[in-house]
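Summary of structural features
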Amino acid sequence: EQPVEVDMQALQVQHKWEEYQREQMLEEAGTRLENLSRELRMQEEQIVSYKARLHSLQQQKQESLSAVAKQNPSAYLIYSKYHTKQSKRATSRRLRMDVDHEAPDDAPL
């Protein structure tokens, strides 16, 4: 009967060891999750900060353009035409790239 008792004790020890390992893995996973959540919150805060900065810069740009338009309307008109042309080119380029990506490889051009 002794070998059966030893086997039972070995099985109990093995189960305890496996249970301990599972608990350790869960604890480590929880720690990683907390760290990732903290990192995500920090990145979200950075995004909010960047958006606020972008909005501020866009406002400053608009204010500067308004000041230029008041002081020198012809210079503003030239800038406006150039900017509109550049914007149309960029949009056209993006649209062409989108169409290129959507076309199947074997589609006739």
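Structure report, in brief.

Once that is clear, we can look at the overall build of the protein. When you go through the protein residue by residue, the secondary structure sums to 2 helices and 0 strands. In the protein, which comprises 109 residues, the share counted as buried stands at 1%.

On to the environment of Val68, then. Its place among the elements puts Val68 in helix 1 (residues 2–71). Separated by 11 residues in sequence, Val68 and Tyr79 place their C-alpha atoms 10.0 Å apart. If we skip the residues at most four places from it in the chain, Val68 touches Pro73 and Tyr76.

Attention now moves to a nonpolar patch on the surface. Side chains of Val4, Met8 and Leu11 sit close together on the surface and give an oily, nonpolar patch of about 280 Å² of accessible area. For Met8, a relative accessible area of 46% translates into the label partly exposed.

Taken together, the side chains of Glu19, Glu23, Glu27 and Glu28 define an acidic patch exposed on the protein surface. Residue placement: Glu23 occurs in helix 1.

To continue, consider a positive patch on the surface. Taken together, Lys85, Arg89, Arg93, Arg94 and Arg96 make up a surface patch of like positive charges. Looking at where Lys85 falls in the secondary structure, it is placed in helix 2 (residues 73–102). For Lys85, a relative accessible area of 47% translates into the label partly exposed.

The rules behind each value
- Residues numbered from 1 in each chain as written.
- Predicted model: local features only at pLDDT ≥ 70, side-chain atom pairs only at ≥ 80, totals over all residues.
- Heavy atoms only, no water.
- Helix = DSSP H or I, 4+ residues; strand = E, 2+ residues; numbered from the N terminus.
- Buried < 20%, exposed > 50% of the residue type's maximum accessible area, 1.4 Å probe, protein only.
- Contact = heavy atoms within 4.5 Å.
- Patch = residues over 30% accessible without salt bridge, like charges linked within 9 Å, V, L, I, M, F, W, Y side chains within 5 Å.
- Areas by Shrake-Rupley, 256 points an atom, 1.4 Å probe, with all protein chains shown as cover.
- Salt bridge = Lys/Arg side-chain N within 4 Å of Asp/Glu carboxyl O.
- Lys, Arg positive; Asp, Glu negative; His and termini not counted.
- Charge placed at Lys NZ, Arg CZ, Asp CG, Glu CD.

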